[in-house]
Amino acid sequence: MTKKHPRSPSPDNALRHPSTKRAKEIDAESPLSQLYEAMDAQNHDHSPRNVLHWFRSKDLRIEDNRGLHAASQKAGEGKGSLLTMYLFSPEDMEWHGTSPARVDFILETLKLMQQQLAEKNIPLAIVTAEQRSDKVAKVQEFIKNHDISHVYGNYEYEVDELRRDLKLAHQLAEDKEGQTTLQLCHDQTVVEPGTLTTGSGGPHKVFTPYHKAWLAEVGSDPSYLETVAAPEPNDSSAKKEFKTLFDSSIPSVPESKEFPSDDDRKRIRDLWPAGNAAGMQRLREFLNEKVEDYASTRSNPAADTSSRLSAYFSSGAVSVRQVLSTVSPKADFSSAGISAWVREVVFREFYRHMLVVAPHNSLNLPQNLKFDFVQWEDDEEGWRKWCEGKTGVPFVDAGMRQLEAEAWMHNRLRMNTASYLRANLLIDYRKGERWFAEKLVDWDLANNTQGWEPGYTVFNPVTQAEKNDPKGEYIRRWVPELREVEGKAVFDPYHRLSKEEFEKLGYPEPHVDFDETKRRCMERYKGDMKDADP
């Protein structure tokens, strides 16, 4: 039941994926349902000894952490101690293309957590699995070495992570000597993924009705936003008994994930300070300074009224419950700014819901499997220009340059840069998805894959810029070649300036013609998908 999915033969890791036939089988198998069954089948009739909470890269906090709280309560029932662990897997970082910014953010957050936990006499051990295939074995070794009776964690909804946990549950059940059980909690979302259904009983698959159902569900029962306490301290004797665990050091950044320079690292750390306290401070700044204008300016990247909490959500440095209960303990999200912002937060919930509904979404495949039959262009020059922010389309280039400078991009630009790559350049969207993973501090598989989901919508980056960056401030900030361009010429200088004026700018002409490439895209999609049989 835990066999590996076959992948396409592409040497480019960004493009590897199972066949569409296998994707359908995986969806039918429901790895999450298998994990539920495996945990239900465990023998729970054993007393607590030492209890372990296994931190994942999506729950890096001690505040309002459901798995950690449950582990603390279980430890309190016995005479053992609460231990915590983070499994460090450099190969996972390579596999997912994790950016230097995100790796550094995770490690800096772990450092802060380790200090917080040590003050409660709770060790945070770092266990390293050099090979991806070693992860379960390393966890089992830790369990045996420290007489663990109960392992707690929080669900991760991606197929590979579900299979990892399923493998551990099966192996713990087969170990008659250990008497150890695995218990997982739903922690990433307010509403458990997969549980909001339509009138006919099936899962929601469209955001707008999901959003409406989410608001109704949480509004009728504000207890969804209730948070749990931080863990209770261990007895001080734990520091002596588990001295080697308290001495566990935060790992070094893998060489391939290092910043180009110390200045780059400092700049990104200043933009994205690690930890729960920094995340909650950012929330307070958003509520005090930005939320009032958010509804009217959220699509204007120059206004910069985004909360910039995404890095804290994606790493779990803050919980959605902690944030929303701070905004409104009674789930009253009716004011214009709050309502518009909470809608974006619910998108995050919806994307996790869709990972449960269609597990193949986490396997480098489009949700609509017919898009896997599109024949993409091999445009290396266009790809390079897109990555460097030199396509000759100012709004697109500004977004790509912000990404390079801040390890983050405004959501309006994420939509526009993605549309340009997959529609106008007709380059395989998975390459762009991977590029974002390699750059973003807030990379999150569910958000990233759903944001890159191919479709028939094609954004016109000129009209999008005119509408959402009406004064051209965002473009002029990130594309300095255009800072002196006056008026609406800044949105499309190649077509709106004379040849002589344009050539003085030192800015490239558009790599492709928008109208021609949009027609090409629509024809390609329709032709390649017409008789596709996933």
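Below is a summary of the structure that appears in this document. Quick caveat, the model's predicted, so the values are computed rather than measured.

## Overview of the overall build of the chain
Here's step 1: Looking only at helices and strands, the chain has 26 helices and 5 strands in total.
Here's step 2: Computed over its C-alpha atoms, the radius of gyration of the chain comes to 24 Å, within 12% of the 24 Å expected for a compact globule of 534 residues.
Here's step 3: On the principal axes, the C-alpha backbone points of the chain span a range of 80 × 50 × 50 Å.
Here's step 4: Split into buried and exposed, the 534 residues of the chain put 58% on the buried side.
Here's step 5: Put simply, of all contacts in the chain between residues at least 6 apart along the chain, 80% involve residues at least 24 apart.
Here's step 6: About 23,000 Å² of surface is accessible on the chain, with carbon and sulfur atoms providing 47% of the total.
Here's step 7: The positive charge centre, built from 72 side chains, and the negative charge centre, built from 86, are 1 Å apart in the chain.

## Examining the pairing of strand 4 (residues 148–154)
Here's step 1: Across the 7 residues of strand 4, 7 count as buried, placing the element largely inside the fold.
Here's step 2: In this sheet, strand 4 lies alongside strand 1 (residues 50–55) in parallel orientation, the contact comprising 4 bridges. Following the sheet pairing, Asn50 is matched in strand 4 by Ile148.
Here's step 3: Bridge count for strand 4 against strand 5 (residues 181–185) is 5 bridges, and the pairing is parallel. Each bridged residue has a counterpart across the sheet, and for Asn154 the counterpart in strand 5 is Cys185.

## A closer look at the sheet that holds strand 5
Here's step 1: Ordered by their spatial adjacency, 5 strands build an open sheet running 3-2-1-4-5, and the pairing between neighbours is parallel. If you trace the sheet from one side to the other, it starts and ends with strand 3 (124–128) and strand 5, each paired once. Adjacent strand axes in the sheet meet at a mean angle of 30°, parallel and antiparallel pairs treated alike.

The rules behind each value
Residues numbered from 1 in each chain as written. Predicted model: local features only at pLDDT ≥ 70, side-chain atom pairs only at ≥ 80, totals over all residues. Heavy atoms only, no water. Helix = DSSP H or I, 4+ residues; strand = E, 2+ residues; numbered from the N terminus. Rg over C-alpha atoms; globule rule 2.2 N^0.38 Å. Buried < 20%, exposed > 50% of the residue type's maximum accessible area, 1.4 Å probe, protein only. Contact = heavy atoms within 4.5 Å. Areas by Shrake-Rupley, 256 points an atom, 1.4 Å probe, with all protein chains shown as cover. Lys, Arg positive; Asp, Glu negative; His and termini not counted. Charge placed at Lys NZ, Arg CZ, Asp CG, Glu CD. Pairing = 2+ DSSP bridges. Axes fitted to C-alpha atoms, helices over the stretch in contact; angles between N-to-C directions.

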